[in-house]
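Now for the letters of each chain:
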Amino acid sequence: MAGPLRVAALAALLAVPVRAPVPVPERRQEAAVRALARRLLGPRAASAVALSVDGRLAAGGPDAYRLLSPPGAAVAVAVTGSSGVAAAAGLYRYLRDFCGCHLSWAGAQLRLPEPLPRVPAEIRAATPNRYRYYQNVCTQSYSYAWWDWARWEREIDWMALSGINLALAFMGQELVWQRVYLSLGLNQSEIDAYFTGPAFLAWNRLGNLHGWAGPLPRSWHLKQLYLQYRVVERMRSLGMITVLPAFAGHVPQGVLRVFPRVNATRLGGWSHFNCTYSCPYLLDPEDPMFQVIGTLFLKELIKEFGTDHIYSADTFNEMSPLSSDPAYLSRVSNAVFRSMTGADPEALWLMQGWLFQHQPDFWQPAQVRALLHGVPLGRMIVLDLFAESKPVYPWTESFYGQPFIWCMLHNFGGNHGLFGTVESINRGPFEARRFPNSTMVGTGLAPEGIEQNDVVYELMNELGWRHEPLDLPSWVSRYAQRRYGAANAAASSAWRLLLRSAYNCTGVCVNHNHSPLVRRPSLHMDTQLWYNASDVYEAWRLLLSAGTALGSSLTYRYDLVDVTRQAVQQLVADYYLSIRGAFQSRALPELLTAGGVLVYDLLPELDSLLSSHRLFLLGRWLESARAAATSDREAELYEMNARNQLTLWGPSGNILDYANKQLGGLVLDYYGVRWSLFVSLLVESLNSGSPFHQEQFNQAVFQVERGFIYNKKRYPTAPVGDALEISRKLFLKYYPGAMKRSQAGPA
Ligand SMILES: *[C@@H]1O[C@H](CO)[C@@H](O)[C@H](O)[C@H]1NC(C)=O
Ligand SMILES: *[C@@H]1O[C@H](CO)[C@@H](O)[C@H](O)[C@H]1NC(C)=O
Ligand SMILES: *[C@@H]1O[C@H](CO)[C@@H](O)[C@H](O)[C@H]1NC(C)=O
Ligand SMILES: *[C@@H]1O[C@H](CO)[C@@H](O)[C@H](O)[C@H]1NC(C)=O
Ligand SMILES: *[C@@H]1O[C@H](CO)[C@@H](O)[C@H](O)[C@H]1NC(C)=O
Ligand SMILES: *[C@@H]1O[C@H](CO)[C@@H](O)[C@H](O)[C@H]1NC(C)=O
C-alpha cells in the first residue's frame, strides 16, 4: 500500500487531464430505444413501431417527440424523439393514449390491440423544461440497496419511458473512495470503521453516519462496480444524463492521523445518533486537503466511469454548520465547487435543497444566499426537493438566481400507505415556472423509497411533459382502465374516491406513516387522518366488487391488497382507540375483546393478505439482501442490515420505525408481537391495579424488536393464498362496523 503522499506530490497527480466524453451518437440512442421496445413488447409488436432519434426535433430547446402513422407504411406508428429518452417517452405516449397500456412498479398492463392502432393525425409534444429528474440520495438505500442488474434494467426502462433524463448513478463510489484513502495512507481498519453497511450507505455519503452495520465486504465493492458500469452505460445509451457523486467535505477520522495538521472539525450528532456512529469530521474549506481529496476522488471516479459533468454533493444535510456566518457558508460551497472543477472544468453541482426547509431557523435568507452564491450563477442546480408541500423557491427569490428543479418528494422511508398531494403536484410546477424571474429548469421525482403509490408517480411523470394542469378525476378514471386493461365502472368509482380522499392531502402534508399499526404502541398515539375514512372503505367495497371481472389482472390484485391494507390500517386505529378507551375506563371485558380482535384476528389476517402478493413479502427484501452476499457471513450481515433498516433503524431504535413497511411476515412477527405485549401489559395493569408504565413497556418491547432482527427465521419469497378470497373474508367481518363508525364521525 502506498504510504502517505506529500501534498505537492498529490497536486502533480491532480494535473492529469480528464478525457471529455464523446456525446452519445443518435444511432446508438436509437439502437438503445429499439432494444427497450423489444424488451417491453416482444420482437413482433416492436417491429410494428418505427423508433428513431433526431436531435433536430428539439430545435435547440428541451426534448420533443413526434408520433405519426405514415400512410401505406408497414409500421403502425413512427415515433421520433430528439433523444433516446424522448423517443421512449413518445413510445409510452403511444402505448398509453392509443393502446390503453400502463407500466408501473406494481407491474405492466401491455395487452396490445390487434392490429396496432394508427395515429389519426401527427402528434408533436415538447417538454417545457430541460430536465426531468429522478431519485433521492436516500432511495439508494431504502430501495436499491440489494438490486441486481435485471432489476436495474427494468427500472431504467421505466425511467426512459417516463421521459426521465437526469438521474443519480451512485454505485461503486465506496470502491473509489477506498482507493483514494488507501493512496493517502489510511489503512484498511480505518476505512472499515468509516463505511456503514449497505442498507445505510446513503447516510454515510451524506456525512450523517459512519461505521454502523458495516464494514463493507470486498465482494460488495466489486459487485457495485460491475453494476455501476452497466447502469451508466445503459442510461447514457438512452441519452440520459448521469449524476456522479462528489466530495462534500466529510472525511474519515483516519485522515487526521495521516495528516496531523489538517484542519477538520467534528460536527454534532445526526438525528438520534451520538458520536459512536455519527459526528462527522468536516474539513475546513481553506484547508489544502479539501481540494486534494475532493479532486483526487472525482478524477479517479471519472477515470472509472466517464462523466456527463453533473455532480451531487450535500455538506449540511440535516447537519448544523459550524457557523452561520454567511462568509463561512460561501467558502464551504465554493470549496466544494472548486474541488469539482479541479477535476472537470465543466462541472455543474446538483444539490438537494432539503436542508433549507428542514432547518429554516438556521437557513435564513442571508445564509441561503451565501451558500448558493459561493458557486457561480448557473453552475449549480438545486433540487427543490419537497416542493409539493414546502417549496423553497418562493421565499428565496427562486434560489437567488441559481437554477432549480421542482421535485415531488412524496415518500419518506419507503413506507406503505396510500398518500398523495395531487392538487399540489397538478398546479405546483406551472406556478413555479410563472414565478417572477423563475429559474426553474425541470421537474422531478425525489421519493426516499419507491414501489408504492404508482398513481402519483405516473401523474407526476406525465406532468413533466405538460404545459398546463390536467383534469384529475377524468385522468384517474382513465388510469384505472389502463391499469387493469378493461373499463370497469366500479374500479373507476373506487379510484375517484381514492383520488378525493387519501390522494388529496392539502396543506403541509408529510407522508410518514404514523398509523398505530406500524408504530411502537403507547397510550398517546396519533390516529388523525387527512381524509374521510369511509372513502377508503367504500373504495375497498367497489374494488372487491370488480373482482370477478378483473381478478386475472396482476395490477388489480396489487391494488386490492393495497386498498385492503389501507382499510385494515384504519381499522387498527379504531381498535387501538377502543383498547385505550377500555383501559382508561377500567373496562376489562371491553379491553379483552378489542385487544383480542386486534392481536388474534385482524393482524394475522393482514399478514396473510400481504403474504398473498409477491410485492408485499418480507422474504423478498430479506432474500434479495442475502442474494447479494458471497458467503454465509456476508449474508448474515446483509440480512441484519435489511431487518434493522425496516425496524430499529440504528442499534437502539435511534430512528425507530422510520422506514416501516407493511409486509407479510413483518406484520405478524414484529408489529403483531409488539401489540400483543402492549395489550397483555394493559390487561395485567388492570388486573393488578398497578399503573401502566410506558418506560417499562418500552424496555420490554425493545427486546421484542431486537429479537426480530436476530430471529434467524427465513421468510417465503413466493406468495401463498388468494388475495381476493382473503380480502373478501376481511370485508365480510369488518366492513359493516367500519362503515358505521366512520359515518358516525370521530368519537
Ligand atoms: C491502522 O492504523 C491504526 C492507527 O495507527 C492502528 O491502530 C491499526 O492497527 C491499523 N490497522 C491496520 C490494519 O494496520
Ligand atoms: C452512544 O451510542 C452507542 C450505540 O447506540 C451506545 O452504545 C453508547 O452507550 C452511546 N454513548 C453515549 C455516551 O450515550
Ligand atoms: C479551522 O477550521 C475552522 C472551521 O472551519 C475555522 O474556524 C478555523 O479558523 C480554522 N483554523 C485554522 C488555523 O485555519
Ligand atoms: C426580476 O428581475 C429584474 C431584473 O433583474 C428585477 O428588476 C425585478 O425586480 C425582478 N423581479 C422580482 C419580482 O424579483
Ligand atoms: C381536494 O380537496 C380540495 C379541498 O380541500 C378540493 O377543492 C379539491 O377539489 C379536491 N380534489 C380532488 C381531486 O378531489
Ligand atoms: C364521511 O363520508 C361519509 C359518507 O360519504 C359521510 O356520511 C360522513 O359524514 C363523512 N364524514 C365526515 C367527517 O365528513
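Residues numbered from 1 in each chain as written. Chains lettered and ligands numbered in written order. Predicted model: local features only at pLDDT ≥ 70, side-chain atom pairs only at ≥ 80, totals over all residues. Heavy atoms only, no water.

Re the side chain of Ser-553
Here Ser-553 is to be found in the loop between helix H21 (547-550) and helix H22 (554-584). With a relative accessible area of 8%, Ser-553 lands in the buried category. In contact with Ser-553, other than residues within four places in its own chain, are Arg-483 and Tyr-484. (Helix = DSSP H or I, 4+ residues; strand = E, 2+ residues; numbered from the N terminus. Buried < 20%, exposed > 50% of the residue type's maximum accessible area, 1.4 Å probe, protein only. Contact = heavy atoms within 4.5 Å.)

Details of the UniProt feature "domain: Alpha-N-acetylglucosaminidase tim-barrel" (unreviewed entry) in the chain
Under the UniProt annotation, "domain: Alpha-N-acetylglucosaminidase tim-barrel" (unreviewed entry) lies at residues 132-466. As annotated, residues 132-466 comprises 41% helix and 13% strand, and the C-alpha atoms at either end are separated by 12 Å. (UniProt positions renumbered as here; feature names shortened; annotations may be inferred.)

Notes on the site of ligand 3
In the region of ligand 3, the neighbouring residues are Asn-263, Thr-265, Asp-284, Leu-322 and Tyr-328. The contact in question runs from an oxygen atom of ligand 3 to an N or O atom on the side chain of Asp-284, over 2.4 Å. Bound to the protein, ligand 3 loses 39% of the 360 Å² it would expose on its own. Along the lines of polarity and charge, the residues of the shell around ligand 3 split into 2 nonpolar, 2 polar and 1 charged. (Near = heavy atom within 4 Å. Polar contact = N/O pair within 3.5 Å; in protein donor to acceptor, adjacent residues only side chain to side chain. Areas by Shrake-Rupley, 256 points an atom, 1.4 Å probe, with all protein chains shown as cover. Nonpolar A, V, L, I, M, F, W, Y, C, P; charged D, E, K, R; others polar.)

Focus: the packing of aromatic side chains
Across all of its chains, the model carries 57 aromatic pairs by this definition. Seen in terms of ring centroids, Tyr-670 and Phe-708 are 5.4 Å apart; in terms of plane orientation they differ by 55°. Their pairing is tilted. Taken together, the positions of Tyr-670 in helix H26 (residues 666-688) and Phe-708 in helix H27 (residues 694-709) put the pair 38 residues apart, joining distant regions of the chain. The same class applies to Tyr-670 as to Phe-708, namely buried. Summarising the aromatic geometry, the rings of Phe-692 and Phe-697 are spaced 6.0 Å apart at their centres and angled 45° between planes, so their arrangement reads as tilted. Judged by relative accessible area, Phe-692 falls into the buried class, the value being 14%. Owing to a relative accessible area of 0%, Phe-697 belongs among the buried residues under this scheme. A network of ring pairs unites the aromatic residues Tyr-142, Phe-200, Trp-203, Trp-212, Trp-270, Phe-273, Tyr-277, Trp-649 and Tyr-658 as a single cluster. Across the ring face of Trp-147, the terminal group of Arg-151 is positioned such that the distance to the ring centre comes to 4.0 Å. Directly above the ring of Tyr-575 sits Arg-741, whose terminal nitrogen or CZ lies 5.7 Å from the centroid. (Phe/Tyr/Trp six-rings, centres within 6.5 Å; stacked < 30°, edge-to-face > 60°. Lys NZ or Arg CZ within 6 Å of the ring centre and 35° of its normal.)

Observations regarding the site of ligand 1
Inspection of the region around ligand 1 gives Asn-187, Ser-189, Glu-190 and Arg-257 as its neighbouring residues. Note that an oxygen atom of ligand 1 is positioned 2.3 Å from one of the side-chain N or O atoms of Asn-187. Notes on ligand 1: free accessible area 360 Å², of which the protein chains cover 36%.

Concerning the domain arrangement of the chain
The domain architecture assigned to the chain consists of domain 1 (26-126), domain 2 (127-147 + 159-168 + 383-512), domain 3 (190-376) and domain 4 (513-744). The C-alpha centroid of domain 3 is placed 39 Å from the C-alpha centroid of domain 1. With 8 residues of domain 1 in contact, the opposing surface of domain 3 contributes 6 residues. Between domain 1 and domain 3 lies a buried interface of about 580 Å² when both sides are counted; carbon and sulfur atoms form 58% of it. (Domains from an automatic or database assignment. Buried area = accessible area lost by both parts, 1.4 Å probe.)

Some words on the state of the cysteines
What the rule picks out here adds up to 2 disulfides. Across the disulfide, Cys-275 is cross-linked to Cys-279 (sulfur-sulfur distance 2.0 Å). Its torsion about the S-S bond being -75°, the disulfide of Cys-275 and Cys-279 is classed as left-handed. Residue classification places Cys-275 among the partly exposed positions, given a relative accessible area of 40%. Each sulfur of the disulfide joining Cys-505 and Cys-509 lies 2.0 Å from the other. Every disulfide takes its handedness from the sign of the S-S torsion; for Cys-505 and Cys-509 that torsion is -95°, giving left-handed. Here Cys-505 falls in the buried class, since its relative accessible area comes to 8%. The connectivity of the disulfide-linked cysteines in the chain, indexed sequentially, is 1-2, 3-4. (Disulfide = S-S within 2.5 Å.)

Examining the nonpolar core
In this structure, Trp-146, Trp-203, Ile-293, Phe-356, Trp-406 and Trp-649 are the most contacted members of the largest nonpolar core, which totals 281 residues. Counting residues per element, this core draws most heavily on H22, at 14 residues. The residues contacting Trp-649, other than those within four sequence positions of it, are Tyr-142, Phe-200, Trp-203, Leu-209, Trp-270, Phe-273, Asn-644, Asn-654, Ile-655, Tyr-658 and Ala-659. (Core = buried A, V, L, I, M, F, W, Y, C linked by side-chain atoms within 4.5 Å.)

Re the UniProt feature "domain: Alpha-N-acetylglucosaminidase C-terminal" (unreviewed entry) in the chain
Here the UniProt-annotated "domain: Alpha-N-acetylglucosaminidase C-terminal" (unreviewed entry) positions come out as residues 475-733. As annotated, residues 475-733 has a helix share of 65% and a strand share of 0%, and its two end C-alpha atoms lie 33 Å apart.

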